[in-house]
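Observations on chain architecture
In case you want the letters, here they are:
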Amino acid sequence: MKNDCIVGTSVPRKEGRDKVTGRAQYIDDMTLPNMLYGATVRSRVPRGKIKKITFGSGIAWNEFVVVSAKDIPGRNYIALIVDDQPCLADGIVNHSEEPIVLLAHPDRHMLPKAIDAISIEYDPLPAVFTIEESESSAQIIWGKNNTFKTYLVEKGDVDGVWGKADYIVEGEYRTGAQEQLYIENNGMIASYDPEQGVTVWGSLQCPYYIHKALMALCDLPADKVRVVQVETGGAFGGKEEYPSMIAGHAALLAIKSGRPVKIIYDRMEDMAATTKRHPSRTRHRTAVTKDGKILGGEIEFAIDGGAYTTLSPVVLSRGTIHAGGPYHWPSVRIRAKAMATNVPPHGAFRGFGAPQSLFAVERHMEHIAQVVGLSPIEIRRRNFLQPGQTTTTDQTIREAIDLEKLLDRALEVSDYHSKKQRFSKENQMGTSKKGIGVAAFLHGAGFTGSGERNLGSVVDVEACADGTVRVLVSSTEFGQGTKTVLCQIAAETLGLDYDDVTIAQADTGEVPNSGPTVASRTVMVVGKLVQSAALGIKQTLTTSGALERSYSPAEFRTACQNYVAAHGTFRSSARFEAPSDVFWDDEKYRGEAYAAFAWAVYVAEVTVDLSTYSVSVNDLVALQEVGKVLHPVLARGQIVGGIAQGIGYTLYEKVIWQNGRMQNSQMTNYIMPTSADLPPIRVFFEEMGNIHGAFGAKGIGELPMDGPAPSIINAVEDALQIRFDAIPLLPEDIFEKLATETISKSGPHSAGGVQSQ
Amino acid sequence: MTTNISSGGRAKCELSFTLNGEMRTVRVHPMERLLDVLRQELALTGAKEGCGEGECGSCSVLMDGALVNSCLVPILQAKSANIVTIEGLAAGEQLNCLQEAFLDFGGAQCGICTPGMILAASHLLQRNPQPSIDDIREGLSGNLCRCTGYVQIFEAVARAAHCRART
Amino acid sequence: MRSDPADYELVAPGNLREVVALLAEEPGTWLAIAGGTDVMVQYAAGKLPARKLVSIWNLPELRRIEVIAGEVRIGAGCTYTDLRENETVGREFPLLVNAASWTGGIANQNRGTLGGNIVNASPAADSLPALLAYEAELILVSVRGERRVPYLDFHTDYKKTKLASDELIRDICLSRRFSDYFSYTRKVGARQAQAISKVCIAALGRLDGEKVEDVRIAVGSVAPVPLRLLETERIVQGKAVEPSLLLLAKKIAVAEIRPIDDIRSTMRYRSTVVGNLVAEFLERLGANGRTT
């Protein structure tokens, strides 16, 4: 058997050729015969009763297909966790941009005119837009108290720590909404016929989520709904749950018209109407000894979920579990809640709650350091989780992780100590100030707790007539390398050439449900199942005598061809079984939250220009321990890409809300970093194999999202000696803070050399 | 306006231009966007619509040798022009240096920005065969990528420059 | 794409004379479209009021750069790339060339035109402060003939200019007398590339010994129109460049501008940054801008 020849090397991307030649077919590149174009009429108020819908003059309405809530064959909900989100608003709207009416027409140019000609009268209801407004319960907009979900995590004896503390450090930290901004907007094509049922093709991450949603919406059995993923131009979580909505819309129009229907959003609609990262507010109150050791603390973690539940309980869960960071908390109480507001529901975005709570704890560590009189480095050293210790949810760290060593390496590579000294001197004068900051963090891979067990993912591997082997999974490719890595794993497992393995299109008519493509689980969880299923193929062939124990790729191909010729193609299935050492209590929210954690230390160097108050990141060192790196180019690409999004999250990307609607829903005004804004990003991997993942891999897709914000803001504080605890941090915010600080104090904390007006 | 607005209306016109080396003629409204004419009339879907406002560059094509955002070009202005799209960049099945480099260096992840990005890089290398990293950064600054963080794209372009120098 | 191409008429006569004749036939009806980098964005958003458009893209009469009698005449149809690639413009008008390099990405520079930038009259347009600083003059044409106007007061209010409804800008004339001045230009946007400016400044200066002999300071995005800071220029005239002058100049500059809070930035931020950049200009002038 070959040794790490394919796994561990950067083989060509399976779908790469199509991508570099422009042949890759995304959903808007496809048409079906007789196809109509669909569009959505959306609410213009954040909350209100729908009084009247008028279809105005000047439009040949008879040429249009019109769908409203009453046309829904099944139940008017997008099935996900809680059935509270209507597919089409029926009598009441709870957020701006909420879908109310659907239209379809053969000429896509007619749709904007038709939408303009529809006027909707509302009886407005008072709306709620912030966590504070929601939790005050002055206006109840959802359930009994506007609360989608709460969690309570308790460990040790929190109430007892305050008396023993030398210091009690408090802080409040906030993060804003962030738009995923995949370059390909959401799109779907649906077709319906009474025999086949509904088929949808689209840009999506989770075909089986859509499958489940369409069954309920269209009142169809499982075998009469088929969901096919086509080439998807970026997702990042933004196409995890939202596609069920747009698929539902396309399906309803297809059912009503009997013709295929394509719905493609333009950028303005996509930004304003679809999900974004949950805004958050975290409050820390921590008991610390004079040696800088955390005795315990209370953490309140709140996220803004928007108008309907969607995935808020799960985002809240991950944020809650990560709220303690990579530190040892002997005692902790974490109270978490997801609140309802009248904005479009927030949803999955790379990191999924962890970037929010990790930002808070990493900023808080800086403040603890200042209060205690230790450096940011020392405070972390003294509190890092050690093997054998337990996390905030009482999960024992079993792997031989050495966070101090990661920290040391990151400090060395980034030249942290000498830069910090040098900047401190150079900052005495000049029109800019430099700073360097560190963030240490962890990221759990796979679904939380019993999640993977509940998913019960299934993977098939098929032996084909031409002697190749085909992987069948519902895991989707959207740039992160799913197809490539899963084929690598199968090829390596079977000792084949990489080209001997293909992967099926993610089509629910063909592939089993291997769970959603989220939570950094694809390589670790699904990859492991691919391994098992592949071994099943080998076993069948060797048991039958068709194949010797030791063979070359050519011999395998021949054996497979012969076997299939004699017996037909066959599949080997593998189903997820929870490792016996992973226990989780859903009620107490305690136990083994994740099968594996990846660990990281990031170091950011920044310059703050004192004439324009803008921050530029000059260098970012990203050091992470991720188990085994299966494909170096893809892995590095994931880290760099995630860091770029993280830099955007920190310094550039601000959603401007007015009356619950995004005002800057265009690329001109929602600012994503360009190539000119990004620093050199230096990526380093430490490898420490993970027993649960394929070939020792852990998940890495989301990890890089957690580090940039705290490391950059820590660096800005280092540069200016001024505290910023909210992101995004724009030059205007820095300016305002400097102006107030300069007026209200002089001395070591004022930013010398800055003129306010 | 009291009459019903149905499709049809102002006159279409016939327009010819060179596309990927071949003369093409279309019959379209003069204000159709070049992007839509390519994608719909001519079934060349390599150019993509990411933003509709000339910010993302995923609709980039070459018009008379200059990189342009095809979402901002009314088709009438492309009359008699020489248009090159991603489909015209490589000869048949053979990939060019840029395409190979993008494959080797991870320059394409989800691939949606890739056609525009490769055209922008091609445009850059035509004018500046030995670009510095800053030249590459500037040359590609009008093409947004959300997946890669640009680093591997720059490496691919630098590599392609090297490879082109040898061929 | 929120407009229907079938609802629009676009013609391309191919020469300036016929374009101008068309504008005169139905004044206020025809919208001239050059590179489309503003018009087509409005069109795609469903927000273009005009239904009849006349293309002035690539008209030879508009897309040329000539040196005539001590001035450089830039055709209004020149693209930002044309400006960047022109040797004379690059050498003698760095404010303009820098602004051109900051306008959008390469693809938009290949299509956006100087004339279009002026007529679109966004107060945030990058090249307009440069034209103010160089004391540009415009040659406007119509069926009635041509007229030459100073650019200084060409913009009358937010998105309004002195262009008559049947007129086109044909040339932007730049005097060559500033070619040995110290030049300073900065754009402050939300990011390093492809950004609409929050504040931009284009300034020229010359010292006589220690004292300011002549300055021109123009700013964008801090008033309904691009602005020459005439008061600030007057105040610094003849004075030595020292910290007290910088503070005074800042104060006067901030008083001259009328910035607002908008989707991109705030009034207070813009005010302060303009002051900072004016001070920075004068400081660098003091350090570098000696007469030859």
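Residues numbered from 1 in each chain as written. Chains lettered and ligands numbered in written order. Predicted model: local features only at pLDDT ≥ 70, side-chain atom pairs only at ≥ 80, totals over all residues.

Remarks on the overall build of chain C
Within chain C one finds eleven helices and 14 strands. Computed over the C-alpha atoms, the radius of gyration of chain C is 19 Å, within 12% of the 19 Å expected from 2.2 N^0.38 for a compact globule of 292 residues. Taken over the C-alpha atoms alone, chain C extends approximately 60 × 45 × 30 Å along its principal axes. Burial status across chain C gives 57% buried among its 292 residues. (Helix = DSSP H or I, 4+ residues; strand = E, 2+ residues; numbered from the N terminus. Rg over C-alpha atoms; globule rule 2.2 N^0.38 Å. Buried ≥ 20, exposed ≤ 12 C-beta atoms within 10 Å, placed from the backbone.)

With respect to the overall build of chain B
Across its full length, chain B carries five helices and five strands. For chain B, the sequential pattern of α-helices and β-strands runs β-β-α-β-β-β-α-α-α-α. Overall size of chain B, expressed as C-alpha extent along the three principal axes, is 60 × 30 × 25 Å. A burial count over chain B gives 62% of its 167 residues as buried. A sequence separation of at least 24 residues applies to 58% of the contacts in chain B between residues at least 6 apart. (Contact = placed C-beta atoms within 7 Å.)

Brief notes about the packing of helix α10 (residues 243–256) of chain C against helix α11 (residues 267–288) of chain C
All names here are of chain C. One can describe the packing of α10 onto α11 by two numbers: an axis separation of 8 Å at closest approach and a directional angle of 140°. The angle between the axes of α10 and α11 places the two elements in the oblique class. When you trace α10 past α11, the crossing you get is right-handed. Together, Leu245, Leu246, Ala249, Lys250, Ala253 and Val254 of α10 and Ser271, Val274, Gly275, Val278, Ala279, Leu282 and Glu283 of α11 make up the contact between the two elements. Residues of the contact of α10 with α11, tallied by class, amount to nine nonpolar, two polar and two charged. (Axes fitted to C-alpha atoms, helices over the stretch in contact; angles between N-to-C directions. Parallel < 35°, antiparallel > 145°, perpendicular 65-115°, else oblique. Left-handed = near helix turned anticlockwise from the far one by under 90°. Nonpolar A, V, L, I, M, F, W, Y, C, P; charged D, E, K, R; others polar.)

Digging into the sheet that holds strand β6 (residues 118–124) of chain A
Read across the sheet, three strands follow the order β4-β2-β6 (chain A) without closing on themselves; strand pairing throughout is antiparallel. Either end of the sheet is taken by a strand with one partner, and the two such strands are β4 (92–93) and β6 of chain A. (Pairing = 2+ DSSP bridges.)

A word on the domain arrangement of chain B
Residues and elements named next belong to chain B. The domains assigned to chain B are domain 1 (13–88) and domain 2 (97–166). Taking only C-alpha atoms, the centre of domain 1 and the centre of domain 2 are 21 Å apart. Across the contact, 14 residues belong to domain 1 and eleven residues belong to domain 2. No other element matches the three residues that strand β3 (residues 60–63) contributes to the side of domain 1 that touches domain 2. For the side of domain 1 that touches domain 2, the class distribution of residues is seven nonpolar, five polar and two charged. (Domains from an automatic or database assignment.)

Considerations on the pairing of strand β5 (residues 99–105) of chain A
Residues and elements named next belong to chain A. Most of β5 sits inside the fold, with seven of its seven residues counted as buried. Bridge analysis of strand β1 (residues 36–42) against β5 gives six bridges, and the strand direction is antiparallel. If you follow Gly38 over to β5, its bridge partner there is Ala104. The pairing of strand β3 (residues 65–67) with β5 spans three bridges and is antiparallel. Each residue of the ladder has a partner; that of Val66, found in β5, is Leu103.

Looking at the interface of chain C and chain B
Accessible area lost upon the coming together of the parts is a frequently used measure of interface size. Every contact between the two is made by 24 residues of chain C and, on the other side, 28 residues of chain B. Classifying every residue of the side of chain C that touches chain B by side-chain character gives 13 nonpolar, eight polar and three charged.

Brief notes about the confidence of the model for chain C
Model confidence for chain C is summarised by a mean pLDDT of 95, while 99% of its residues fall at 70 or above. Two numbers describe this predicted complex: its pTM, 0.96, and its ipTM, 0.95. (pLDDT = per-residue confidence, 0-100.)

Let's talk about unusual backbone geometry
For the peptide bond that leads from Ile727 of chain A to Pro728 of chain A, omega is 5°, which places it in the cis range. With respect to the helices, strands and loops of the structure, Pro728 of chain A is situated in the loop between β28 (726–727) and α19 (731–744). The phi dihedral of Ala43 of chain B falls on the positive side, at around 55°, and the residue is not glycine. Counting through the fold element by element, Ala43 of chain B comes out in the loop between α1 (34–41) and β3. Given 10 C-beta atoms within 10 Å, Ala43 of chain B falls into the exposed group. Phi is positive for Tyr150 of chain B, close to 75°, though the residue is something other than glycine. Its place among the elements puts Tyr150 of chain B in the loop between α4 (133–139) and α5 (151–166). Tyr150 of chain B gets classed as buried once you count the C-beta atoms within 10 Å, which come to 27.

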